[in-house]
Amino acid sequence: MRTALPAFALAVGAVAFAADAPLIGFDADGAAAQRALEADFATRLDASEQEAWLKHLSETPHHVGSARGRENAEWIRDRFRDWGYDAELVTYEILLPTPRLRHLEMTAPEPFTASLQEQPLPEDPSTTMTEGLLPPYHAFSVDGDVEGELVFVNYGLEEDYAWLERHGIDVAGKVVIAKYGRSWRGIKPKIAAEHGAVGAIIYSDPADDGYGKGDTYPDGPWKHPTGVQRGSVMDMPLRPGDVLTPNVGATPDAERLERSEVEVFTAIPVLPISYADAEPLLRALGGPVAPEDWFGALPIPYHAGPGPARVRLTLEFDWNMVEAHNVIAMLPGERFPDEWVMRGNHHDAWNHGAADPISGLVALMAEAKAIGELAAAGDQPDRTLVYAAWDAEEQGLIGSTEWVEDHAEELDAKLVAYLNTDGNSRGFVDAGGSHTLEHFVNGVMEDVTDPQTGASVAERLRARMRVTGDAGTRARADRDDLPIDPLGSGSDYTPFLQHLGIASLNTSFGGEGPGGSYHTLYDTWTHYTRFRDPGLVYGVALSELNGRATLRLANAPVLPFEFTNLADHVAGYLDEIEALTKTMREETARTNALIASGAFALALDPQDTLGPPEAEAEVPYLNFAPLENAVARLEEAAAAYAAAEIDAKALDAATLARLNRLLYTSERVLTHEDGLPRRPWFRHHVYAPGFYTGY
């Protein structure tokens, strides 16, 4: 950033751009024309059309590698061609494990065999299909046949193992059972293996998304007792994508690793189960009663174990090469054809995938159709638009990652921004992304009307933050721009933002549509249209939000990047680091004083088997001055850019192109080719998934 912004100032000099322009990046006349174009665009969005597409695309299972998955991709490609886009399938050859054998039994103190099946429901015809279904499993778990005493580890986080250790419970050589939640699922077997466990089971507790929340499906939206959350457990904090072709596209001639060389598989076998299957296992546990905050909603006392419950877990997978089919559709730009704006949403699902991902995909398709109609009527976008429907997202962001790695040089040169969606619901707008785009997306949110309240989606969110938030949330609601979340991982923006440094946004609506169907058999058209977004009115809102954003990025003479919000967030991150080191230093000093005085030993729980801890190493004083000075320079450069007066009409074509390139490559300055420690695939130095959180 310190390189890009001063260079920008030299490039544009002191030309005039009104500071009160109605839309960032446009002058007054351009803004008026843009608003008229967007108003026309919004009239072309049709909820009933989205609902019909949703039903068609989710009527049968369509995971990566399936015949229906390819048929859906071809159908989507053909729709884009109908709407005037140059559309094609881009295919990669990837490794996909699917289960050959799944078996979980309790061998003591009494026999029990888990069903590992989800119950078909006559109220939802989609759930009665059998052809093409993927059973509940975790992609990229290793094969294994293990047996051991069972230990309940709560959510399977490091602090949970600390409690077990202090109570004399060692998971080495045992099988652990953990609740879904509070971290990405792949972190749970990772930590379990680091503590010596030989196998892991993950279940959804009804307190989190089952009857502890309300009526279960089909009476209500929450997780059916037999519902199981499938999902990948690839170690994506190391890198996503095809496991055999790191850093390059998985083309037929790509050099591939041997399976024994892959480092992102789990170290132990892991299996997801329902809370119906989990209850007998947890009921059979002895050992100490777990802490109160470990309890879920099952009608049992939650014991930690180990034993007397003993389980055997057997998993075998078919490790096959399959084709992943991305749909890539392009609409050439009229004025800046070598500057691209890209939209994406995946099309593959674990089974029917009505909510995840099809609800987001049909919103993308609706906006693309409307923009295609505008172009056919003479309103060609100034920049080239690229729409993508990704494959193999569910197994590890594979389709998008392979395409990005395959086209990295061209994307680095041309791609202005990437806008992602990944399913939708109803309620409040949720936006995350590069903070260089925070001011821009706030302007878009102000111009989209919430379908329930008639207020803008920005104002509805602001009101919620003020009424229900804590003091910090209320303070953020009073900012001129609502803050957007930083992006970790979990969807297809990851290779764009965190590998190539392309400014990205991720948007959806939620907060009112219950999520009990996530990655289960019950994520169907029937469930979605009853409980998540009846009438798909928020599908239209999502189309309008992203369509306006896409059109503004495509047509703004000066790209709508803004840096004061970035500087504000980076300064906040520095404050957090400084406060954290101070807190760690004070807590360490206090703990060591208690150990020295003997007070710590007197305060121990009688069940604590470890005794007083050893004195901790003192936390040193750190010199933050270089970082503080760098943040101050960033703030000064951002303020200088915000005060600049830019008249795009006064710039010749070469200067305008140079200015816009400086703007859209500013995010690249926050990356480093060496990447992050322990995981060089992640090159962005601000945004990345947590090493032990995953998202």
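This text follows the structure it describes.
Here's what I pulled together on the structure shown here. (Residues numbered from 1 in each chain as written. Predicted model: local features only at pLDDT ≥ 70, side-chain atom pairs only at ≥ 80, totals over all residues. Heavy atoms only, no water.)

## Let's talk about the overall build of the protein
Moving on, step 1. Per the secondary structure count, the protein includes 21 helices and 14 strands.
Moving on, step 2. What you see for the protein is a C-alpha radius of gyration of 26 Å, in line with the 26 Å of a compact globule of 695 residues.
Moving on, step 3. Overall size of the protein, expressed as C-alpha extent along the three principal axes, is 80 × 65 × 55 Å.
Moving on, step 4. Per-residue burial for the protein yields a buried fraction of 58% across its 695 residues.
Moving on, step 5. Here the protein displays about 26400 Å² of accessible surface, and carbon together with sulfur accounts for 51% of that area.
Moving on, step 6. For the protein, the distance from the average site of its 55 positive side-chain charges to the average site of its 107 negative ones is 1 Å. (Helix = DSSP H or I, 4+ residues; strand = E, 2+ residues; numbered from the N terminus. Rg over C-alpha atoms; globule rule 2.2 N^0.38 Å. Buried < 20%, exposed > 50% of the residue type's maximum accessible area, 1.4 Å probe, protein only. Areas by Shrake-Rupley, 256 points an atom, 1.4 Å probe, with all protein chains shown as cover. Lys, Arg positive; Asp, Glu negative; His and termini not counted. Charge placed at Lys NZ, Arg CZ, Asp CG, Glu CD.)

## Section: the packing of helix α3 (residues 47-57) against helix α16 (residues 525-532)
Moving on, step 1. Between α3 and α16, the shortest axis-to-axis distance is 9 Å and the interhelical angle comes to 145°. Where α3 abuts α16, its residues Glu 51, Leu 54 and Lys 55 lie against Trp 525, Tyr 528 and Thr 529.
Moving on, step 2. Considering only residue class, the contact of α3 with α16 consists of three nonpolar, one polar and two charged. (Axes fitted to C-alpha atoms, helices over the stretch in contact; angles between N-to-C directions. Contact = heavy atoms within 4.5 Å. Nonpolar A, V, L, I, M, F, W, Y, C, P; charged D, E, K, R; others polar.)

## Details of the side chain of Thr 384
Moving on, step 1. Along the polypeptide, Thr 384 turns up in strand β11 (residues 383-390).
Moving on, step 2. Discounting chain neighbours no more than four positions away, the residues touching Thr 384 are Met 330, Leu 331, Pro 332, Gly 333, Phe 336, Pro 337, Glu 339, Trp 340 and Val 341.

## Let's talk about the packing of aromatic side chains
To describe a pair of aromatic rings, one takes the distance between the centres and the angle between the planes.
Moving on, step 1. Under the counting rule described, the total for this entry stands at 25 aromatic pairs.
Moving on, step 2. Aromatic side chains Phe 80 and Tyr 85 sit 5.3 Å apart centroid to centroid with 90° between the ring planes, which places their arrangement in the edge-to-face category. Here Phe 80 and Tyr 85 have matching classes, each one buried.
Moving on, step 3. Taking 5.4 Å as the distance between ring centres and 80° as the angle between the ring planes, the aromatic pair formed by Phe 563 and Tyr 641 counts as edge-to-face. In this pair, Phe 563 sits in the loop between α17 (537-555) and α18 (564-597) while Tyr 641 sits in helix α20 (residues 625-643), placing the two residues 78 residues apart along the sequence.
Moving on, step 4. The buried category is assigned to Phe 563, whose relative accessible area is 0%.
Moving on, step 5. Counting every residue linked through ring pairs, the aromatic cluster contains Tyr 137, Phe 140, Phe 265, Phe 317, Trp 319 and Trp 350. (Phe/Tyr/Trp six-rings, centres within 6.5 Å; stacked < 30°, edge-to-face > 60°.)

## Points about the pattern of salt bridges
Moving on, step 1. On inspection of all chains with the given rule, the structure shows 33 salt bridges.
Moving on, step 2. Between Arg 44 and Glu 373 there is a salt bridge; the shortest N-O distance is 3.2 Å. Pair noted here: Arg 44 is in the loop between α2 (28-43) and α3 and Glu 373 is in helix α9 (residues 354-376), with a separation of 329 residues, a long-range link.
Moving on, step 3. In this structure, Glu 339 engages Arg 383 in a salt bridge whose closest nitrogen and oxygen atoms are separated by 2.6 Å. Residue Glu 339 is located in strand β10 (residues 336-346), and its partner Arg 383 is located in strand β11; the two are separated by 44 residues in the primary sequence. A single burial state applies to Glu 339 and to Arg 383, both of which are buried.
Moving on, step 4. One network of salt bridges, with partners in common, ties together Arg 35, Glu 38, Asp 447, Glu 544, Arg 548 and Arg 552. (Salt bridge = Lys/Arg side-chain N within 4 Å of Asp/Glu carboxyl O.)

## A short note on unusual backbone geometry
Moving on, step 1. Cis rather than trans, the peptide bond between Gly 305 and Pro 306 has omega equal to 0°.
Moving on, step 2. With respect to the helices and strands, the residue Pro 306 is situated in the loop between α8 (275-283) and β9 (310-331).
Moving on, step 3. Looking along the chain, the bond that leaves Gly 307 and enters Pro 308 is cis, with omega of -5°.
Moving on, step 4. Relative to the elements of secondary structure, Pro 308 occurs in the loop between α8 and β9.
Moving on, step 5. Its identity as a non-glycine residue notwithstanding, Asn 154 has a phi of 60°, on the positive side.
Moving on, step 6. Here Asn 154 shows up in the loop between β4 (144-152) and α5 (158-166).
Moving on, step 7. Positive phi values are uncommon outside glycine, yet Arg 182 reaches one of about 65°.
Moving on, step 8. Mapped onto the elements of the fold, Arg 182 is located in the loop between β5 (175-179) and α6 (187-194).

## Side note on the pairing of β10
Moving on, step 1. Counting buried residues along β10, nine of its eleven residues qualify, which places the element largely inside the surrounding structure.
Moving on, step 2. In the sheet, β10 pairs with β11 via eight bridges, with the strands oriented parallel. Of the residues in β11, the one forming a bridge with Asn 345 is Ala 389.
Moving on, step 3. With α9 bridging β10 and the parallel β11, this β-α-β connection has right-handed handedness.
Moving on, step 4. Pairing analysis gives five bridges linking β10 to strand β12 (residues 415-420), with the strands arranged parallel. Counted as the bridge partner of Val 341 is Ala 417 from β12. (Pairing = 2+ DSSP bridges. Right-handed = clockwise from strand over helix to strand, strands pointing away.)

## Some remarks on the side chain of Asn 506
Moving on, step 1. Checked against the element boundaries, Asn 506 lands in strand β14 (residues 504-511).
Moving on, step 2. Engagement of the side chain of Asn 506 in a polar contact is seen with the side chain of Asn 420, the distance being 2.7 Å.
Moving on, step 3. Excluding residues that lie within four positions of it along the chain, Asn 506 makes contacts with Asn 420, Thr 421, Asp 430, Ala 431, Gly 432, Leu 487 and Tyr 493. (Polar contact = N/O pair within 3.5 Å; in protein donor to acceptor, adjacent residues only side chain to side chain.)

## Re α6
Moving on, step 1. Most of α6 sits out of view: six of its eight residues are buried.
Moving on, step 2. All of the buried residues in α6 are Ile 187, Lys 188, Pro 189, Lys 190, Ile 191 and Ala 192.
Moving on, step 3. The inward-facing, buried residues of α6 contact α5, β5, β6 (199-203) and β8 (270-273).
Moving on, step 4. At the C-terminal side of α6, Gly 196 shows a positive phi close to 95°.

## Let's talk about α9
Moving on, step 1. For α9, built from 23 residues, the straight-helix expectation of 33 Å at 1.5 Å per residue is met to within 8% by its first-to-last C-alpha distance of 31 Å.
Moving on, step 2. With 21 of its 23 residues buried, α9 lies for the most part within the structure.
Moving on, step 3. Where α9 terminates, the next one or two residues include Gly 378, which has phi positive at roughly 110°. (Expected span 1.5 Å × (residues − 1).)

## Here we look at a negative patch on the surface
Moving on, step 1. Negative charge collects at one region of the surface, where Glu 158, Glu 159, Glu 165, Asp 170 and Glu 194 lie side by side.
Moving on, step 2. With three residues, the top contributor of residues to the negative patch is α5.
Moving on, step 3. With respect to the helices, strands and loops of the structure, Asp 170 is situated in the loop between α5 and β5. (Patch = residues over 30% accessible without salt bridge, like charges linked within 9 Å, V, L, I, M, F, W, Y side chains within 5 Å.)

## Points about the packing of α9 against α17
Moving on, step 1. One way to put it is that α9 packs onto α17 with a least axis distance of 8 Å and a crossing angle of 50°. In this view, α9 runs oblique relative to α17, as classed from their interaxial angle. Classified by chirality, the crossing of α17 by α9 is right-handed. Facing α9, whose interface residues are Gly 360, Ala 363, Ala 366, Glu 367, Ile 371 and Leu 374, α17 presents Gly 539, Leu 542, Ser 543, Asn 546, Gly 547, Thr 550 and Leu 551.
Moving on, step 2. By residue class, the composition of the contact of α9 with α17 is six nonpolar, six polar and one charged. (Parallel < 35°, antiparallel > 145°, perpendicular 65-115°, else oblique. Left-handed = near helix turned anticlockwise from the far one by under 90°.)

## Overview of the pairing of β6
Moving on, step 1. With five of five residues buried, β6 is to be regarded as a mostly interior element.
Moving on, step 2. Burial along β6 is two-sided: Gly 199, Ile 201 and Tyr 203 and Ala 200 and Ile 202, pointing in opposite directions, are all buried.
Moving on, step 3. Judged from the five bridges that link them, β5 and β6 form a sheet pairing that is parallel. Paired with Ala 178 across the bridge in β6 is Ile 202.
Moving on, step 4. Handedness of the crossover joining β5 and β6 through α6 is recorded here as right-handed.

## Here's the deal with the environment of Ala 640
Moving on, step 1. As for its position among the elements, Ala 640 is in helix α20.
Moving on, step 2. For Ala 640, a relative accessible area of 48% translates into the label partly exposed.

Limitation: the analysis is restricted to geometry and does not speak to function.
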